[in-house]
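Listed here are the chains, written in short residue letters.
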Amino acid sequence: MIDLTSSLYLGLRHGSTVLPPWPQLTTGVPAVLAVAPEAGTVAAGLADLIGTKAATLAPSTLHAFWDLFVAMGARQIHVDSGTYPIARWGAERAHCRGAVVRTFHHHDPAALRRAMAAGRGRGPVVLADGLCPGCGGVAPVGEYLAIARHFGGTVVVDDTQALGVLGTPAPGHPYGTGGGGTARWAGLGDARLTIVASLAKGLGVPIAVVAGSRPMVRRYEARAETRVHCSPPSNAHLSAAAHALRCNTVRGDKLRKHLAHLVIGFRTLADAHGVPVMPGLFPIQTVRPMAGVDLQEAHRRLGKLGVQAVLHQPRCGRGAALSVIFTAAHREADVERTVNAIGAALLGAAEGRLAVAG
């Protein structure tokens, strides 16, 4: 069985045998009172990777977004309609505290400008995913920033999908180098930009970072209620995060290059075999909707052919979608087998529907 459902994009696993030991699992106190020494080192490494002046850690993006907009004092939040639910939950909590929350059309700077012009309130905040796994598109963060700056606002990006995958554009590296995420990819270094990201995808560690300007990070740390009422990241997670950063430095670009090679190979073979896929080189590759093909049936047939795929509902589209997710742990043989299986599954699903209709 080929598993194409994991989003550990670089294939990093951080087994217990490769991690340095830790003297105790947790400090026993909330982060507001004390943090483990490793936390500062990891946060500094992530700030350097992402390209911000400062960063701090949280157990998850849920913890981070629960506090972020309230800590920022946001009174007006404009949400890209493709934004991931956890980030939206943070905006909804701010709404409960009095903020006005509005949604604008996915990856549409003109729609954002109109919404901001129509809105009232000081210091508007724009919220978006850095990279949309549904359509494979990178958000126009630079344009969002220009609009936010014009209205005296800021931009918050959930960069969970891009961190560890996208980096600084470079010849011969389809995903860029470094793996710092959307800000590095777009060449952005702006104090009005705040990055929130989980390391659980590209870097393989379920821990989150809040990165941005030093004043913003200090304000978040001072006002975040989860830092008072919840446990901080454990020493096990910190050890794994430090290991992930070392792996990224030593072999991250090689892994990203291999991953891009697999995705490009998949797309080339898919085109040759008449398998329609959505545009984009992100590791999540989605079958283009086809008239007369039941994707749920195609998904079932794929499983019988030994390929585990993802049947889901993209936030930026309508209807079901069938996707496969490649990681750097996959091989070229997996790509060829996957394309053949998808082609057979789609054909079988189409023929089955015709047989039922007949």
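Up top is the structure.
Residues numbered from 1 in each chain as written. Predicted model: local features only at pLDDT ≥ 70, side-chain atom pairs only at ≥ 80, totals over all residues. Heavy atoms only, no water.

Enquirer: Explain the packing of aromatic side chains residue by residue, including any values.
Expert: Centre distance and the angle of the planes are the two values used to describe a pair of aromatic rings. Going through the model one piece at a time under the given rule, you end up with four aromatic pairs. Ring plane angle 70° and centroid distance 5.2 Å describe the contact between Y9 and F282, whose orientation is recorded as edge-to-face. Of this pair, Y9 sits in the loop between strand 1 (2–3) and helix 1 (37–50) while F282 sits in the loop between helix 9 (235–272) and strand 11 (284–286), and the two are 273 residues apart along the sequence. Across the pair, F282 and Y9 agree in class, each one buried. Between the aromatic rings of F266 and F326, the centroid separation amounts to 5.1 Å while the plane-to-plane angle is 55°, which identifies the pairing as tilted. Pair noted here: F266 is in helix 9 and F326 is in the loop between strand 14 (321–325) and helix 11 (332–357), with a separation of 60 residues, a long-range link. No difference in accessibility class separates F266 from F326, as the two residues are buried. (Phe/Tyr/Trp six-rings, centres within 6.5 Å; stacked < 30°, edge-to-face > 60°. Helix = DSSP H or I, 4+ residues; strand = E, 2+ residues; numbered from the N terminus. Buried < 20%, exposed > 50% of the residue type's maximum accessible area, 1.4 Å probe, protein only.)

Enquirer: I'd like to hear about helix 9, residue by residue, with values.
Expert: Along an α-helix, residues three or four apart share an orientation, since each turn contains 3.6 residues. An ideal rise of 1.5 Å per residue puts 56 Å on 38 residues; helix 9 reaches only 49 Å between its terminal C-alpha atoms. G274 lies just past helix 9 and shows a positive phi near 75°. (Expected span 1.5 Å × (residues − 1).)

Enquirer: Which residues make up the sheet that holds strand 6 (residues 154–158), and what values go with them?
Expert: Strands pair in a sheet through their backbones, by hydrogen bonds, and they do so in one of two ways: parallel or antiparallel. Strand order in the open sheet formed by seven strands is 2-10-9-6-5-3-4, and the pairing between neighbours is mixed. Both outer strands of the open sheet, strand 2 (54–58) and strand 4 (100–104), are each paired with one neighbouring strand and no more. Within the sheet, the average angular offset between the axes of one strand and its neighbour, ignoring direction, is 20°. Inspection of the sheet shows strand 9 (residues 193–199) paired to strand 10 (residues 205–212) by five bridges, in the antiparallel sense. Looking across to strand 10, one finds that V196 is bridged to V210. Across the face of the sheet, helix 2 (residues 61–72) comes into contact with strand 2, strand 3 (76–80), strand 5 (125–129), strand 6, strand 9 and strand 10 while running at roughly 165° to strand 9. Across the face of the sheet, helix 7 (residues 214–223) comes into contact with strand 2, strand 9 and strand 10 while running at roughly 125° to strand 10. (Pairing = 2+ DSSP bridges. Axes fitted to C-alpha atoms, helices over the stretch in contact; angles between N-to-C directions. Contact = heavy atoms within 4.5 Å.)

Enquirer: Got a sec to walk through the pattern of salt bridges? Specific residues and values, please.
Expert: Opposite charge on two side chains allows them to pair when their charged atoms are near. Considering all chains together, one arrives at eight salt bridges under this definition. For R93, the salt bridge goes to E225, with nearest N and O atoms at 3.1 Å. Highlighted residues: R93 in helix 3 (residues 85–96) and E225 in the loop between helix 7 and helix 8 (226–229), separated in sequence by 132 residues. In this structure R93 comes out as buried when scored by relative accessible area, which is 11%. The class of E225 is partly exposed, set by a relative accessible area of 32%. (Salt bridge = Lys/Arg side-chain N within 4 Å of Asp/Glu carboxyl O.)

Enquirer: Would you mind going over unusual backbone geometry in detail, with residue names and values included?
Expert: For H14, which is not glycine, the phi dihedral falls at a positive 55°. Position of H14 among the secondary structure elements: in the loop between strand 1 and helix 1. A relative accessible area of 11% places H14 in the buried class. A positive phi angle is found at H107, which is not glycine, with a value near 55°.

Enquirer: Explain the sheet that holds strand 13 (residues 310–312) to me, and be specific about the residues and the numbers.
Expert: Taken together, three strands build an open sheet; the order of strands is 11-14-13 and the sheet is antiparallel. The strands lining the two open edges of the sheet, one partner per strand, are strand 11 and strand 13. The sheet shows a mean angle of 35° between the axes of neighbouring strands, direction not considered. Across the sheet, helix 10 (residues 295–304) lies against strand 13 and strand 14, angled at about 35° from strand 14, the strand it touches most.

Enquirer: Give me the pairing of strand 8 (residues 173–177): which residues, what numbers.
Expert: Alignment of strand 7 (residues 168–170) against strand 8, held across two bridges, turns out to be antiparallel. Opposite A170, over in strand 8, you have H173 as the bridge partner. Connecting strand 7 to the next strand, strand 8, in antiparallel fashion are two residues, including G172 with a positive phi near 80°.

Enquirer: Describe in detail the side chain of D158, supporting the description with residues and values.
Expert: The topology assignment puts D158 in strand 6. Here the side chain of D158 touches T160 through a polar contact of 2.8 Å, side chain to side chain. Filtering out sequence-adjacent residues up to four positions away, D158 remains in contact with F65, Y84, A87, A128, D129, G130 and V196. (Polar contact = N/O pair within 3.5 Å; in protein donor to acceptor, adjacent residues only side chain to side chain.)

Enquirer: I'd like a rundown of the pairing of strand 6, residues and numbers included.
Expert: Every other side chain in a regular strand lies on the same face of the sheet, so the side chains alternate between the two faces. The element strand 6 is extensively covered by neighbouring structure, given that four of its five residues are classed as buried. Examined bridge by bridge, strand 5 and strand 6 share five bridges and lie parallel to one another. Residue pairing for strand 6: V125 is matched across the bridge by T154. Handedness of the crossover joining strand 5 and strand 6 through helix 5 (residues 141–150): right-handed. Relative to strand 9, strand 6 runs parallel, the two sharing four bridges. In the sheet register, V157 faces strand 9, and the bridge partner there is I195. (Right-handed = clockwise from strand over helix to strand, strands pointing away.)

Enquirer: Now, about helix 7: what can you tell me, with residues and values included?
Expert: The set of residues buried in helix 7 consists of M216, V217 and Y220. Mapping the buried residues of helix 7 onto a view down its axis gives an arc of 95°, with all of them on the same face. Residues of helix 7 that are exposed and point over 90 degrees away from its buried face: R218 and A222. Elements in contact with the buried residues of helix 7: strand 2, helix 2, strand 9, strand 10 and helix 8. (Arc of directions from axis to C-beta.)

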